[in-house]
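Per-entry structural report
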Amino acid sequence: MAKKVRVHAIISGRVQGVFFRMETKRVADSCEVLGWVRNKIDGTVEAIFEGNEENVNSILEWCRNGPRLADVEKVYVTLEDYKGEYYEFELRY
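The structure contained in this document is the topic of the report that follows. This structure is a prediction, so every number in the text was calculated from the model and none was measured.

Attention now moves to the side chain of Asn55. Mapping Asn55 onto the fold places it in helix α2 (residues 53–63). Beyond its immediate sequence surroundings of up to four residues, Asn55 is in contact with Cys31, Glu32 and Val33.

Tallying each qualifying case throughout the model produces eight salt bridges. Across the salt bridge formed by Arg64 and Glu61, the nearest N and O atoms sit 3.9 Å from each other. Its relative accessible area of 40% is what places Arg64 among the partly exposed residues. Owing to a relative accessible area of 46%, Glu61 belongs among the partly exposed residues under this scheme. Bridged by salt links that share partners, the residues Arg6, Glu50, Glu80 and Glu85 form one connected network.

On to the sheet that holds strand β1 (residues 4–14), then. If you trace the five strands from one edge of the open sheet to the other, you get β4-β1-β3-β2-β5, paired in mixed fashion. The open sheet has two free edges, formed respectively by β4 (71–80) and β5 (89–92), since each of these has just one partner strand. The mean angle between the axes of side-by-side strands here comes to 20°, regardless of whether they run parallel or antiparallel. The pairing of β1 with β4 spans nine bridges and is classified as antiparallel. Residue Ser12 lies in a different strand from β4, and its bridge partner there is Lys74.

Turning our attention to the pairing of strand β2 (residues 34–39). One ladder, built from six bridges, connects β2 with strand β3 (residues 45–52); its direction is antiparallel. Counted as the bridge partner of Arg38 is Glu46 from β3. Hairpin geometry of β2 and β3 is characterised by an intervening segment of five residues between the two adjacent antiparallel strands and by a positive phi of about 95° at Gly43. The pairing of β2 with β5 spans four bridges and is classified as parallel. Among the inter-strand pairings, Arg38 is bridged to a residue of β5, identified as Arg92.

This brings us to helix α1 (residues 20–31). Because the α-helix completes a turn every 3.6 residues, residues three or four places apart line up on one side. With 12 residues, α1 extends 16 Å between its outermost C-alpha atoms, agreeing within 8% with the 16 Å of an ideal straight helix rising 1.5 Å per residue. Those residues of α1 that sit buried are Phe20, Arg21, Glu23, Thr24, Val27, Ala28 and Cys31. The buried residues of α1 occupy an angular sector of 160° when projected down its axis, which confines them to one face. Considering only its buried residues, α1 is in contact with β1, β2, β3, α2, β4 and β5.

What counts and what doesn't
Residues numbered from 1 in each chain as written. Predicted model: local features only at pLDDT ≥ 70, side-chain atom pairs only at ≥ 80, totals over all residues. Heavy atoms only, no water. Helix = DSSP H or I, 4+ residues; strand = E, 2+ residues; numbered from the N terminus. Contact = heavy atoms within 4.5 Å. Salt bridge = Lys/Arg side-chain N within 4 Å of Asp/Glu carboxyl O. Buried < 20%, exposed > 50% of the residue type's maximum accessible area, 1.4 Å probe, protein only. Pairing = 2+ DSSP bridges. Axes fitted to C-alpha atoms, helices over the stretch in contact; angles between N-to-C directions. Expected span 1.5 Å × (residues − 1). Arc of directions from axis to C-beta.

Right, dumping it as structure tokens:
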């Protein structure tokens, strides 16, 4: 059985106004990753990703580039205890 993980990510750079949240949801759904993504007032994007370790690593790798119009400077990742509390991946506002 695959190891389940949870990470908290903060993505900085030109990541708002470039469909980052919508594309993150699309990628999360295709990777079978659960959690949420939202814009923060400071211009960053924040996300919680839960799922199989390999799938979570895949979406983190995608976040390092983001969608076509994004210019990602840094992805800060904090490993958290897996909680299994999500049933889907959602956009938060």
